[in-house]
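# Overview (structure and organization)
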Amino acid sequence: MAFPHLSEVLKILDGALKSNATMSTNYAGLLADKLEQDGERETAVRIRERLARAPTAVAHTQDASRISAGLPVDQESRLDTVDVSAPVKGAVTLHLPGGTANRITEFLQSVRHYDRLRAAQAALPLRLLLYGLPGTGKTQTARWIAGELELPLLTVRCDTLISSLLGQTSKNLRRVFDYVEQRPCVLFLDEFDALASARGNERDVGELQRVVIALLQNIDALSENTIVLAASNHERLLDPAVWRRFPFQLPLPLPDHELRLSMWKAMLGPFVPVNLNLEAVSTKSDGASGALIELVAMDTKRQAILAGKPQVDEGELFRRLALAMALGQGETLASLGDEICWLRKWDAKIFSIRELARLYSVSTRQINHLIQGNHGNAGKSPRKR
Ligand SMILES: Nc1ncnc2c1ncn2[C@@H]1O[C@H](COP(=O)(O)OP(=O)(O)O)[C@@H](O)[C@H]1O
Ligand SMILES: [Mg+2]
């Protein structure tokens, strides 16, 4: 049988060899937690007693405020290049298709049983690349994973990182990775395609390339059981050098009908009127991302609350959905006439003249007038940006 918790023991040893007390104590704390979970309470207590006596008593912590002490800060802008959060298990909701959820579970299993897998030479480096359109839940998934693992999440926004590194040495970058190596956590490289676009950017290519290469080298230098997540909106921009470094790859699709239905239900909650046809709402939101659904649900809910209503208004929900989808498709609806014509085109049955008059608190005559006023554009699709 594999030696239990070998990873933690090795990290404690690494810390000792590097004279890095923070690293040793962090991992000793984690070891105590794991032993306690295994029912080895007495052993855990002995380790914790020893930690309490350590000169730099920085025992293992999952507390974001304590962990953020000593965070790498960008020298010039004084901005944190890393954001630390402590997502709580069960507090982050994810709506993902069954297959996608299974693959995330598989990744979590690989993390939890890393030592056993490693002993059988069946372990993969714990690197997961999330990719998909904006608003499909990549950042949310990273938070969920950290919550499930009960580890702090260190988010590095690669676009900011790259701009902050230009014209500087890569010392800052080194500090981020040193920091990650010293404590149990999840490193999350968000907006990862900034690396790829940096490569194609004509402005000072050499300099950018140096930064990108340094980042990739730093990832390589991490031990294989350091958990690294990365998210990208433009997977086609990522080159093979990047893909190779992530044995776990997870596409996040736009939600299908069923998933949209459960999102609407969850996000509107008790604000769903009894007679609301959620099936129709789901059908009409085909092509919408989770982020868009959330935005529309929140806006409509807010409006109901401010109007002192216990439930959302169905017409208002459709109106906000139609307008949000117009925006998502790059349509500019500059005037009220444009807006009304778009709604008519989107669904003339939902947006009857009478319903539009009610929604905009004007007369049906005025609605007709607005539609006719826009006649110049009729037949054509609304102007594209
Ligand atoms: N699959 C999903 N499950 C749950 N919430 C989602 C999902 N997709 C999007 N959201 C919601 O939309 C918001 C934006 O999603 P985010 O994870 O930031 O998207 P991305 O990082 O892919 O651009 C989140 O705050 C979340 O509440
Ligand atoms: Mg994101």
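All of the points below concern the structure found in this document. (Residues numbered from 1 in each chain as written. Chains lettered and ligands numbered in written order. Predicted model: local features only at pLDDT ≥ 70, side-chain atom pairs only at ≥ 80, totals over all residues. Heavy atoms only, no water.)

## Structural notes on the packing of aromatic side chains
Scanning the model with the defined rule gives five aromatic pairs in all. Seen in terms of ring centroids, Phe107 and Phe248 are 5.0 Å apart; in terms of plane orientation they differ by 75 degrees. Their pairing is edge-to-face. Here Phe107, found in helix H5 (residues 98–112), pairs with Phe248, found in strand S6 (residues 248–251); they are 141 residues apart in sequence, far enough to count as distant. The pair Phe107 / Phe248 is uniform in exposure class, with both members buried. With centroids separated by 6.5 Å and ring planes inclined at 55 degrees, the aromatic side chains of Phe318 and Trp346 adopt a geometry described as tilted. With Phe318 in helix H16 (residues 314–328) and Trp346 in helix H17 (residues 336–346), this residue pair connects regions lying 28 residues apart in the sequence. (Phe/Tyr/Trp six-rings, centres within 6.5 Å; stacked < 30°, edge-to-face > 60°. Helix = DSSP H or I, 4+ residues; strand = E, 2+ residues; numbered from the N terminus. Buried < 20%, exposed > 50% of the residue type's maximum accessible area, 1.4 Å probe, protein only.)

## A short note on the site of ligand 1
Around ligand 1 sit 15 residues in total, of which His95, Gly135, Lys138, Thr139 and Glu294 are the nearest. Backbone polar atom of Gly135 to an oxygen atom of ligand 1: 2.7 Å apart, as the coordinates give it. Contact between ligand 1 and Gly137: an oxygen atom at 3.1 Å from a main-chain N or O atom of the residue. Of all the elements in the fold, those that place two or more residues in the shell around ligand 1 are helix H7 (138–149) and helix H15 (290–306). Each of two domains, domain 2 (64–251) and domain 3 (257–377), supplies a minimum of three residues to the shell around ligand 1. (Near = heavy atom within 4 Å. Polar contact = N/O pair within 3.5 Å; in protein donor to acceptor, adjacent residues only side chain to side chain. Domains from an automatic or database assignment.)

## What about the sheet that holds strand S4 (residues 186–190)?
The six strands lie next to each other as S1-S3-S4-S5-S2-S6, forming an open sheet whose pairing is mixed. Among the strands making up the open sheet, the edge pair consists of strand S1 (82–85) and S6. Between one strand axis and the next, the sheet turns through 20 degrees on average, direction left out of account. Alignment of S4 against strand S5 (residues 227–232), held across four bridges, turns out to be parallel. Counted as the bridge partner of Phe188 is Leu229 from S5. Contacting strand S2 (127–131), strand S3 (153–157), S4 and S5, H7 crosses the sheet at an angle of about 180 degrees to S4. (Pairing = 2+ DSSP bridges. Axes fitted to C-alpha atoms, helices over the stretch in contact; angles between N-to-C directions. Contact = heavy atoms within 4.5 Å.)

## A closer look at H16
The α-helix winds at 3.6 residues per turn, so residues separated by three or four positions along the chain end up facing the same way. For H16, built from 15 residues, the straight-helix expectation of 21 Å at 1.5 Å per residue is met to within 8% by its first-to-last C-alpha distance of 21 Å. Among all positions in H16, only Gly315, Glu316, Leu317, Phe318, Arg319, Leu321, Ala322, Ala324, Met325 and Ala326 are buried. Each element contacted by the buried residues of H16 is listed here: helix H13 (257–268), helix H14 (278–284), H15, H17 and helix H18 (353–359). Trailing H16 by a residue or two, Gly330 shows a phi angle of about 80 degrees, which is positive. (Expected span 1.5 Å × (residues − 1).)

## A few points about a nonpolar patch on the surface
A contiguous nonpolar surface patch, about 550 Å² in accessible area, is contributed by Phe3, Leu6, Val9, Leu10, Leu13 and Leu17. The exposure class of Leu13 is partly exposed, given its relative accessible area of 46%. (Patch = residues over 30% accessible without salt bridge, like charges linked within 9 Å, V, L, I, M, F, W, Y side chains within 5 Å. Areas by Shrake-Rupley, 256 points an atom, 1.4 Å probe, with all protein chains shown as cover. Salt bridge = Lys/Arg side-chain N within 4 Å of Asp/Glu carboxyl O.)

## Some thoughts on the packing of H13 against H15
Two numbers describe how H13 lies on H15: the axes approach to 9 Å, and their chain directions differ by 35 degrees. The interaxial crossing formed by H13 with H15 has right-handed handedness. Here Arg260, Met263, Trp264, Met267 and Leu268 of H13 come into contact with H15, specifically with Gly290, Ile293, Glu294, Val296, Ala297, Met298 and Lys301. Taken together, the residues of the contact of H13 with H15 break down into eight nonpolar, one polar and three charged. (Left-handed = near helix turned anticlockwise from the far one by under 90°. Nonpolar A, V, L, I, M, F, W, Y, C, P; charged D, E, K, R; others polar.)

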